[in-house]
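# Structure at a glance
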Protein chains: 2
Amino acid sequence: MPKPSPLTLKLSAFVALSDADLATLAGLDRRRRQFRAGHEMLHEGQTNASAFILARGWSCAFKLQPNGDRQIVNVQIPGDFLGLHSILFRTSDHSVEAVTPIEASELLASDILEAFSRAPRLASAVLWAASRDEAMVVEHLVNIGRRTAEQRMAHFLLELGARLKLVGIGDSTGFDCPLTQYHLADALGLSAVHVNRVLRQLREADLVRFQHGRVVFGDFGRMAALAGFDMAYLDQDHPLLR
Amino acid sequence: MPKPSPLTLKLSAFVALSDADLATLAGLDRRRRQFRAGHEMLHEGQTNASAFILARGWSCAFKLQPNGDRQIVNVQIPGDFLGLHSILFRTSDHSVEAVTPIEASELLASDILEAFSRAPRLASAVLWAASRDEAMVVEHLVNIGRRTAEQRMAHFLLELGARLKLVGIGDSTGFDCPLTQYHLADALGLSAVHVNRVLRQLREADLVRFQHGRVVFGDFGRMAALAGFDMAYLDQDHPLLR
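If you're wondering where the values come from, they're calculated on a predicted model, not measured in any experiment.

For the rest of this paragraph, the subject is the overall build of chain A. Counting its secondary structure elements, chain A contains nine helices and eleven strands. Counting all 242 residues of chain A, 60% fall into the buried class. Expressed as a percentage of contacts within chain A between residues at least 6 apart in sequence, the contacts between residues at least 24 apart total 73%. Here chain A displays about 9500 Å² of accessible surface, and carbon together with sulfur accounts for 51% of that area. Seen as two clouds, the 26 positive and the 27 negative side-chain charges of chain A have centres 2 Å apart.

A word on the packing of helix α6 (residues 149–166) of chain B against helix α9 (residues 220–227) of chain B. Residues and elements named next belong to chain B. For the pair α6 and α9, the least separation of the axes is 8 Å and the interaxial angle reads 125 degrees. Compared by their axis directions, α6 and α9 come out oblique. Crossing angle aside, the handedness with which α6 passes α9 is left-handed. Two secondary-structure elements touch here, α6 through E150, Q151, A154, H155, L157 and L158 and α9 through F220, M223, A224, L226 and A227. Its residues placed into classes, the contact of α6 with α9 shows eight nonpolar, two polar and one charged.

If you rotate chain A by 180 degrees and push it 0.0 Å along the axis, it lands on chain B with an RMSD of 0.0 Å. Both copies are brought into coincidence by an operation consistent with a two-fold rotation axis. In this assembly the copies share their binding face: 100% of the residues contributing to the interface of chain A also contribute to that of chain B.

In this section: the UniProt feature "domain: HTH crp-type" (unreviewed entry) in chain A. Residues annotated in UniProt with the feature "domain: HTH crp-type" (unreviewed entry) correspond here to residues 147–221 of chain A. Helix makes up 55% of residues 147–221 of chain A and strand 15%, whereas the separation of the span's terminal C-alpha atoms amounts to 18 Å.

This brings us to unusual backbone geometry. We note that H212 of chain B has phi near 50 degrees; this positive angle belongs to a residue other than glycine. Inspection of the secondary structure assignment puts H212 of chain B in the loop between β10 (208–211) and β11 (214–217).

Residue and element names in this part refer to chain A. For chain A, the assigned domains read domain 1 (6–129) and domain 2 (147–234). On a C-alpha basis, the centroid separation for the pair domain 1 and domain 2 is 24 Å. Summing the contributions of domain 1 and of domain 2, the shared interface buries around 1500 Å²; its carbon and sulfur component is 68%. At the boundary of domain 1 and domain 2, one finds two salt bridges.

Turning to the interface of chain A and chain B, a few remarks are in order. At the interface, 50 residues of chain A touch 50 residues of chain B. It is R90, L141 and R146 of chain A in chain A that bury the most area against chain B; as a group they hold 17% of the surface buried on that side. Ionic pairing is found between R146 of chain A and D69 of chain B, a salt bridge with its closest N-O pair at 3.9 Å. At the junction of chain A with chain B, the criterion picks out 16 residue pairs in polar contact (both at pLDDT 80 or more). For the side of chain A that touches chain B, the secondary structure elements donating two or more residues are β5 (70–76), α3 (84–88), α4 (109–118), α5 (120–146) and α7 (181–188) of chain A. When residues in the side of chain A that touches chain B are grouped by element, the largest group, 22 residues, is from α5 of chain A. Across the side of chain A that touches chain B, the residue classes tally to 24 nonpolar, eleven polar and 15 charged.

What follows is about helix α2 (residues 19–28) of chain A. The α-helix winds at 3.6 residues per turn, so residues separated by three or four positions along the chain end up facing the same way. All names here are of chain A. Buried residues of α2: D21, T24, L25 and L28, and no others. The arc that holds every buried residue of α2, seen down its axis, measures 100 degrees, which confines them to one face. Projecting away from the buried face of α2 at angles above 90 degrees are the exposed residues D19 and A20. In this fold, the buried residues of α2 make contact with α1 (6–11), β3 (51–56), β8 (102–107), α4 and α5.

Moving on, we come to the packing of aromatic side chains. Within the structure shown, the criterion is met by eight aromatic pairs over all chains. The lysine or arginine in question, R70 of chain A, covers the ring of F62 of chain A, its NZ or CZ lying 5.2 Å from the ring centre.

Residue and element names in this part refer to chain B. Spatially, four strands are ordered β2-β7-β4-β5 in an open sheet, and the strand pairing comes out antiparallel. The open sheet has two free edges, formed respectively by β2 (40–42) and β5 (70–76), since each of these has just one partner strand. Recorded for the sheet is a direction-independent mean angle of 30 degrees between the axes of neighbouring strands. Strand direction decides the pairing type here: strand β4 (residues 59–64) and strand β7 (residues 95–98), joined by four bridges, are antiparallel. From the neighbouring strand, S59 faces β7, where its bridge partner is A98. Strand contacts of helix α7 (residues 181–188): β4 and β5, with the helix running at about 105 degrees to β5, the strand carrying the most contacts.

Turning next to the UniProt feature "domain: Cyclic nucleotide-binding" (unreviewed entry) in chain A. UniProt feature "domain: Cyclic nucleotide-binding" (unreviewed entry): in the numbering of this structure it lies at residues 13–111 of chain A. Segment residues 13–111 of chain A splits into 18% helix and 38% strand. End C-alpha atoms: 23 Å apart.

Okay, the pattern of salt bridges next. With the rule as written, the count across this model stands at 38 salt bridges over all chains. The shortest N-O distance in the salt bridge between R163 of chain A and D80 of chain A comes to 2.8 Å. In this pair, R163 of chain A is assigned in helix α6 (residues 149–166) and D80 of chain A in the loop between β5 and β6 (81–82), connecting sequence segments 83 residues apart. Each member of the pair, R163 of chain A as well as D80 of chain A, is classed as buried. The salt bridge involving R90 of chain B is made with D235 of chain A; its shortest N-O contact spans 3.0 Å. Taken together, the residues R90 of chain B in the loop between α3 (84–88) and β7 and D235 of chain A in the segment after α9 (220–227) connect one chain to another. Via salt bridges that share partners, K10, D80, E159 and R163 of chain A belong to a single interconnected network.

Parameters and conventions
Residues numbered from 1 in each chain as written. Chains lettered and ligands numbered in written order. Predicted model: local features only at pLDDT ≥ 70, side-chain atom pairs only at ≥ 80, totals over all residues. Heavy atoms only, no water. Helix = DSSP H or I, 4+ residues; strand = E, 2+ residues; numbered from the N terminus. Buried < 20%, exposed > 50% of the residue type's maximum accessible area, 1.4 Å probe, protein only. Contact = heavy atoms within 4.5 Å. Areas by Shrake-Rupley, 256 points an atom, 1.4 Å probe, with all protein chains shown as cover. Lys, Arg positive; Asp, Glu negative; His and termini not counted. Charge placed at Lys NZ, Arg CZ, Asp CG, Glu CD. Axes fitted to C-alpha atoms, helices over the stretch in contact; angles between N-to-C directions. Parallel < 35°, antiparallel > 145°, perpendicular 65-115°, else oblique. Left-handed = near helix turned anticlockwise from the far one by under 90°. Nonpolar A, V, L, I, M, F, W, Y, C, P; charged D, E, K, R; others polar. Least-squares fit on C-alpha atoms with pLDDT ≥ 70 in both. UniProt positions renumbered as here; feature names shortened; annotations may be inferred. Domains from an automatic or database assignment. Buried area = accessible area lost by both parts, 1.4 Å probe. Salt bridge = Lys/Arg side-chain N within 4 Å of Asp/Glu carboxyl O. Polar contact = N/O pair within 3.5 Å; in protein donor to acceptor, adjacent residues only side chain to side chain. Arc of directions from axis to C-beta. Phe/Tyr/Trp six-rings, centres within 6.5 Å; stacked < 30°, edge-to-face > 60°. Lys NZ or Arg CZ within 6 Å of the ring centre and 35° of its normal. Pairing = 2+ DSSP bridges.

The structure is reproduced here in C-alpha cells:
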C-alpha cells in the first residue's frame, strides 16, 4: 500500500475516509506540476487561476499593501490547499509564492464540484480544512493584535511544529524550516532586526532554537505557556510534541 | 413567493441555486431560536456546540486573551453562519456573542452532512461562504498589521456596508449599525478613546459619519482610496454603493 499523501493524513484527522472517498481524493491529486522556489503561483487580483494541493515543499500566501509592505497571511506545507479561494472567487484575494521548490497538483473548480458530488463526506472534510485555515488566520490576527513579539514568534513556531507533525514531517524535537527572517518578519508584523533579537531571546531562554534551517524545541511546556498556545484551533487530536 | 432569506441572497452571489438546492437550504433554516442581546451563543473551548444561521440581528466572534483583552475577529450579520467551526471541530475555537437580540436557526453537524449529500452544489456554496469569511479575517489581519487607525476604520465600515447591501440590508447611503465604540475598539486593536478620535477625523473629512446608530457614507471613492479598499475579496460582483 502506498504511503498516504499529506492531504490524506490531514483530512483523516477530521473524518475516517472510506475507500471511495480515498479514491476520489487520489483523483484530485493526479495533475502534478513542479515549480521553482520564488515562483508566484497565484497573483492577487488574478482571474481564472488554478488552485493546487501542495505535495512537497513550502509556500506562503500574502497581500501587498499600496506602500509595498507585504503581509504574509499564512504559510502552506504539504497537504495544504493553495488558492482554493482563487477557484471559488472571481479573482484571487491574495498572492502565493513558492518558498522552496515545490510539487503540487493542479485543481480546477470543476474538479472540486465533481469530487463533492461523488463524495459528500469529502466535501465536509474540505470544509473542515478550510475552516482550520481560517482558524489559523484568526490566531495570526490575535498574534498581531494582542501578543508581544516574543509570544508571536513562539506561537507561530509551535503552530508550524504541530501542523508539520500531523502530515508526517517533523517530530517532537523540531522541524526543518526554510523560512528566512524576512518571511518571519512579514508574517509577524516585525522588522527583520526585531526577528533576530526575538529569536535570540527565545534561544537564550532555552525555549527554542532556529539555526541552520532547523527549528529545535527546548522547553515545550514553558514555550506554550509563554505564547498562550492552545492547539484546539488546529483540531488535531494527537498527543502533540510529547 | 416568500422573500429570499439573507443566506439565500448571499449564496446566490456565488452560484445559481436550483429549486432542489433552495429546498435543501430552506430545510437547514427551520429550527428557529431567539436570543437576547449579550447572550453568549458559543464559548471558546466548548465541545458539542451547535452552529447557527443568523436570520435577524448582529453578533460578534471573539477570542479572549489570557490578560482579559478581547480580540473581535469578525461580526456576523443576517445570512452568516455562526460557529460553523464548532460543529466541524472538536471544540469551538472562538466565542460568539449576540450584539443585538437575534433570531437564528440551529444547525447540527448531521444537518450539514445530509444537506451536502443531497445538494453538492450547496456544499460548494457553503465552502465559498467559509472562504469568504476567511478572506475577511485576512483583511482584518492586514488592517491591524499594516494599516493606520483611520484606514482600519474606513476599511471596516466599507466592508460592513458591502456585506449588508448583498443581503438586502442597508444601501448606498449607509446602514444602521448597532456596534458600540467598544466593539470597534476590540475589532480594530484600538482604544475606545482612539476610536472616537478616528471617527471624528473621518467625519470632519466628510468621508463617513457614524452617529445615533447609523453609518452614513460621505465620499465613497475617497474613502475607498484612503482605506485601500478593493472589494474583490468579498467576491460579490454587484455594482456596490453606486
